[in-house]
Each structure stands twice: as structure tokens, then as C-alpha cells.
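These are the residues of each chain, in order.
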Amino acid sequence: QVYLVESGGGLVQAGGSLRLSCAASGITSSINAMGWYRQPTQHQRELVATISSGNSTNYADSVKGRFTISRDNAKNTVYLQMNGLKHEDTAVYYCNAENWFRKNYWGQGTQVTVSS
């Protein structure tokens with residue numbers, strides 16, 4: 001079992017920055033890829049960014065050049081640095097971890113609100 005706890009969400013003005021953190025606990029040695037997803041109100045959950053165990057990254061087109069995902073394996077933590085935030089980035093952000101058997105784990109989510 002893997003447990004994920006997000007932090008760092010909040011309210012920010014358009015153009016501002018936030019840094020999300022996600023700390024993993026449990027059987028962390030089983031984790032392969034980690035990532036961030038978001039779910040705006042009345043919309044489906046969507047991919048934001050992922051990072052593999054080898055630090056290969058993948059981003060949604062809407063956040064490329066503005067968001068950066070990184071991970072610290074020693075701390076079992078993944079980060080999402082969000083710069084140049086836009087109103088449309090407003091959503092609940094969820095941390096995800098996928099183990100080597102393709103089982104997915106989710107955090108409880110953290111709200112990011114960008115005022116225009």
C-alpha cells in the first residue's frame with residue numbers, strides 16, 4: 001500500500017506561482033511513476049504532468065513552459081512548481097503514484113484557486 005499526502009495549494013493571483021508537494025509513505029519502493037492530475041469543477045480529472053523513476057517527464061500542452069515536475073527519491077516526494085498561473089488552472093490537484101504492477105494510488109487532493 002502507498003499513501004500520498006499533498007500540500008501547497010491555496011489562493012493566488014493570476015501570474016503568480018505556487019509549489020505543490022506530495023509525500024509518499026508505505027511501500028514506496030514499489031513506486032515507478034508519479035504525477036499530478038487536476039479536476040476543475042464540473043469537469044473530468046485530467047493529466048497535468050508525470051515523472052518516471054528515471055526522471056523522464058511528460059506535460060499536458062496547457063502547462064508546458066509554465067509548470068515543472070520533479071521528484072526527490074530520498075524523501076519520497078514529488079513536486080509541482082507552477083509559474084505564470086492562469087484562472088483556468090483553478091482546480092483540485094491530485095497526486096498520483098503508479099507501482100510496478102500498474103496499480104494507481106491517489107492523494108486526497110489540494111485546492112488551487114487562481115483569481116483573475
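Predicted, not measured: the structure shown is a model, and the values here were computed from it. (Residues numbered from 1 in each chain as written. Predicted model: local features only at pLDDT ≥ 70, side-chain atom pairs only at ≥ 80, totals over all residues. Heavy atoms only, no water.)

We now examine the nonpolar core. Judged by nonpolar contacts, the single largest core of 29 residues is most densely connected at Leu4, Met34, Trp36, Leu80, Met82 and Tyr93. Of all the secondary-structure elements, those providing two or more residues to this core are strand E1 (2-7), strand E3 (18-26), strand E4 (31-39), strand E5 (46-51), strand E7 (67-72), strand E8 (77-82), strand E9 (91-99) and strand E11 (110-115). Dropping the residues within four chain positions of it, methionine 34 is found in contact with Leu4, Cys22, Ala24, Thr50, Ile51, Ile69, Arg71, Val78, Cys95, Asn96 and Ala97. (Core = buried A, V, L, I, M, F, W, Y, C linked by side-chain atoms within 4.5 Å. Buried < 20%, exposed > 50% of the residue type's maximum accessible area, 1.4 Å probe, protein only. Helix = DSSP H or I, 4+ residues; strand = E, 2+ residues; numbered from the N terminus. Contact = heavy atoms within 4.5 Å.)

One pass over the structure, following the stated rule, counts one disulfide. Disulfide pairing is shown between cysteine 22 and cysteine 95; the S-S distance is 2.0 Å. Here cysteine 22 and cysteine 95 share a disulfide; its torsion about the S-S bond, -85 degrees, makes the bridge left-handed. Remark: cysteine 95 occurs in strand E9 and cysteine 22 occurs in strand E3; sequence separation between them is 73 residues. (Disulfide = S-S within 2.5 Å.)

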